[in-house]
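# Observations on the model geometry
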Amino acid sequence: MKIKFMRKIIHYCIVFALIAMSSALQAQDTKAKDLLDQLSKRTATYTSMYADFEYTMKNKAEGVDEKQSGSLITQRDQYHLEIAGQKIISDGKNIWTVLEEAEEVQINVVPEDEESEDYISPTSILTLWEKGFNYKYDQALTMNGKAVEVVNLFPENPKDKSFHTIKLYIDAAKSVVNQIVIKGKDGTDFTYLIQSFKTNENIEPSLFKFLKKDHPDYDFIDLR
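Residues numbered from 1 in each chain as written. Predicted model: local features only at pLDDT ≥ 70, side-chain atom pairs only at ≥ 80, totals over all residues. Heavy atoms only, no water.

## Some details on the packing of aromatic side chains
- Applying the stated criterion across every chain, the model contains 7 aromatic pairs.
- Consider the rings of Tyr55 and Tyr192, whose centres lie 5.2 Å apart with planes at 45 degrees: the pair is tilted. In this pair, Tyr55 is assigned in strand S1 (residues 49-59) and Tyr192 in strand S11 (residues 189-199), connecting sequence segments 137 residues apart.
- Grouped by ring-pair contacts, the aromatic residues Phe53, Tyr55, Phe190 and Tyr192 constitute a single cluster. (Phe/Tyr/Trp six-rings, centres within 6.5 Å; stacked < 30°, edge-to-face > 60°. Helix = DSSP H or I, 4+ residues; strand = E, 2+ residues; numbered from the N terminus.)

Right, here's the structure in full:
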């Protein structure tokens, strides 16, 4: 009789624990959604963005620890990215990958979503959670004296991705992203630390194209 009673007590404890965990997870998801909705609302007011960032690639098992500086300019679906001796430029339809040291340019079309499940456009990095991701609140912490909220994004179709989690570090007071960490399935972490951020500035349209007539010394390889 006593054993049956104890089993019943244990059973109820487990049930109540599961209910409590479920409620906690729901609250976390609600908090994550509120943070992301605020971020989306803020991002929607940008006509253009300019950011300087520090890019780090780490893989402890492989002994990889590389750090680079870069910059990103976006306007609507156009972008101009400079990192590690490369320029990656898009007018929304084409992508020019420029290797300055080799004076070589490769031209591709911008992939459709269904053609490249692993493709993330630099113009969508601050709104990528709006499609194809689940999200969960992680933690609150302090970075460089600022209060930061961390939200984890998980792809809805993980088997089609080379990463399993994207961590967003959000300055809750300003509703801006301070840091993005992409955690690869192979153990490689890619970290983008935003060092300066400007919005709604006038951008020279020529930044979003790399044309032969403007660079006659470059070897253009058209892969479209």
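## Description of the side chain of Thr191
- Counting through the fold element by element, Thr191 comes out in strand S11.
- The residues contacting Thr191, other than those within four sequence positions of it, are Glu54, Tyr55, Thr56, Gln179, Ile180 and Val181. (Contact = heavy atoms within 4.5 Å.)

## Observations regarding the pairing of strand S10 (residues 176-184)
- Burial analysis of S10 places 8 of its 9 residues in the buried class, which makes it a mostly covered element.
- In sequence, strand S9 (residues 163-171) turns back onto S10 through a hairpin of 4 residues, with Ser175 there showing a positive phi of about 55 degrees.
- In this sheet, S11 lies alongside S10 in antiparallel orientation, the contact comprising 5 bridges. In the sheet register, Lys183 faces S11, and the bridge partner there is Asp189. (Buried < 20%, exposed > 50% of the residue type's maximum accessible area, 1.4 Å probe, protein only. Pairing = 2+ DSSP bridges.)

## A word on the pattern of salt bridges
- Enumeration according to the criterion identifies 8 salt bridges in this entry.
- In this structure, Asp214 and Lys213 form a salt bridge, with 3.7 Å as the shortest nitrogen-oxygen distance.
- Owing to a relative accessible area of 46%, Asp214 belongs among the partly exposed residues under this scheme.
- Residue classification places Lys213 among the exposed residues on the basis of a relative accessible area of 68%.
- Note that Asp222 is salt-bridged to Arg224, the shortest N-O span being 2.5 Å.
- In this structure Asp222 comes out as partly exposed when scored by relative accessible area, which is 45%. (Salt bridge = Lys/Arg side-chain N within 4 Å of Asp/Glu carboxyl O.)

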